[in-house]
Amino acid sequence: LKPGSELQNGKYRIIRMLGQGGFGITYEAIQVALDRKVAVKEFFMKEGAGGELAAKFQAKFIKEARVLANLEHPHIIRVTDVFEETGTAFYVMDFLPGGSLSDRVRKKGRLSPEEAEKYIRQVASALKYIHDRNLVHLDVKPANILLNAKEEAVLIDFGISKHYDSAGGQTSST
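Quick caveat, the model's predicted, so the values are computed rather than measured.

**Structural notes on the nonpolar core**
By size, the foremost hydrophobic cluster in this structure holds 33 residues, and its most contacted members are Leu 68, Leu 71, Ile 76, Ile 77, Tyr 91, Ile 130 and Phe 158. Those elements giving two or more residues to this core turn out to be strand S4 (36–43), helix H1 (51–69), strand S6 (88–94), helix H3 (113–131), strand S8 (145–147) and strand S9 (153–155). Residue contacts for Tyr 91: discarding those within four places in its chain leaves Ala 39, Val 40, Lys 41, Phe 61, Glu 64, Ala 65, Leu 68, Val 79, Asp 81 and Val 82.

The following block contains the structure:
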């Protein structure tokens, strides 16, 4: 999407692209009615993938948004909206201005032991929370840990996460 593009009849206006992965593009946007920044993730498979496979992964993308929307933890990204439009799907998240932990290390160098411990404890708290709900992230890495305005760690990108039932049987697959 180009800067200035609108989604949901003008509810969201794209500012710029933040990043792109294997199944999505994330944008910085404005939620117009509330005049606040948000992040909008668009389902977008690399060229050449379409048909049934794309439909399967788009359904998984929407399921990921719904799972995240039902998680309430200070160190897990908050999803506030999900919708389908222009032949694809989108979900809306809080905008976290601090960049990723990976960006932080690249710009400022290695973390002090105290800083590293703080982030490890915050991410561990998020992981315990999701594990208690039979969910496993499977892609914890510095690029998937963003920093909020208070410089606290927030876990993102649950795209390859797995769900399990109470008996330990897998209820989702990739």
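**A look at the sheet that holds strand S5 (residues 79–85)**
Neighbouring strands of a sheet are bound in pairs by backbone hydrogen bonds; such pairs are parallel or else antiparallel. The six strands are arranged S1-S2-S3-S4-S6-S5 in an open sheet whose pairing can be described as antiparallel. Two strands in the sheet have a free side with no partner beyond their single neighbour: strand S1 (6–7) and S5. Sheet topology places S4 next to S6; five bridges connect them, and they run antiparallel. From the neighbouring strand, Val 38 faces S6, where its bridge partner is Asp 94. Across the sheet, H1 is in contact with S4, S5 and S6; its angle to S6 comes to roughly 20°.

**Remarks on the packing of aromatic side chains**
Each pair of aromatic rings is reported with the distance of its centres and the angle of its planes. For the structure on display, the rule yields five aromatic pairs. Their ring planes at 5° and their centres at 5.9 Å tell us that Tyr 12 and Phe 83 sit as a pair that is stacked. Taken together, the positions of Tyr 12 in strand S2 (residues 12–20) and Phe 83 in strand S5 put the pair 71 residues apart, joining distant regions of the chain. Each member of the pair, Tyr 12 as well as Phe 83, is classed as buried. Summarising the aromatic geometry, the rings of Phe 61 and Tyr 91 are spaced 4.9 Å apart at their centres and angled 40° between planes, so their arrangement reads as tilted. Of this pair, Phe 61 sits in helix H1 while Tyr 91 sits in strand S6; the two residues are 30 residues apart in sequence, bridging distant segments of the chain. Feature note: the residues Tyr 12, Phe 83 and Phe 90 constitute an aromatic cluster, connected by ring pairs. We note Arg 133 situated over the ring of Tyr 129; from NZ or CZ to the ring centre the distance is 3.6 Å.

**Let's talk about the side chain of Asn 144**
Position of Asn 144 among the secondary structure elements: in the loop between strand S7 (135–136) and S8. By relative accessible area, Asn 144 is classed as buried at 5%. Excluding residues that lie within four positions of it along the chain, Asn 144 makes contacts with His 137, Asp 139, Val 154, Leu 155, Ile 156 and Asp 157.

**Quick look at the confidence of the model for the protein**
Of all residues in the protein, 89% attain a pLDDT of 70 or more, and the chain-wide mean is 89. The least confident element of the protein, judged by mean pLDDT, is strand S10 (residues 162–163) at 64; the most confident is S1 at 98.

**A short note on the pairing of strand S3 (residues 24–31)**
Looking along a regular strand, one sees the side chains alternate between the two faces of the sheet. The buried count for S3 comes to eight of eight residues, which makes it a mostly enclosed element. Covered by surrounding structure in S3 are Gly 24, Thr 26, Glu 28 and Ile 30 together with Ile 25, Tyr 27, Ala 29 and Gln 31, the residues of both alternating faces. Taken together, the seven bridges between S2 and S3 define a ladder with antiparallel strand orientation. Bridge pairing links Tyr 12 to Gln 31 in S3. Counting the residues in the hairpin turn of S2 and S3 gives three residues. Where S3 meets S4, eight bridges bridge the pair, whose relative direction is antiparallel. Residue pairing across strands places Gln 31 opposite Arg 36, the latter belonging to S4. The turn linking S3 back onto S4 is made up of four residues, and Asp 35 within it adopts a positive phi angle of 50°.

About the cut-offs
- Residues numbered from 1 in each chain as written.
- Predicted model: local features only at pLDDT ≥ 70, side-chain atom pairs only at ≥ 80, totals over all residues.
- Heavy atoms only, no water.
- Core = buried A, V, L, I, M, F, W, Y, C linked by side-chain atoms within 4.5 Å.
- Buried < 20%, exposed > 50% of the residue type's maximum accessible area, 1.4 Å probe, protein only.
- Helix = DSSP H or I, 4+ residues; strand = E, 2+ residues; numbered from the N terminus.
- Contact = heavy atoms within 4.5 Å.
- Pairing = 2+ DSSP bridges.
- Axes fitted to C-alpha atoms, helices over the stretch in contact; angles between N-to-C directions.
- Phe/Tyr/Trp six-rings, centres within 6.5 Å; stacked < 30°, edge-to-face > 60°.
- Lys NZ or Arg CZ within 6 Å of the ring centre and 35° of its normal.
- pLDDT = per-residue confidence, 0-100.

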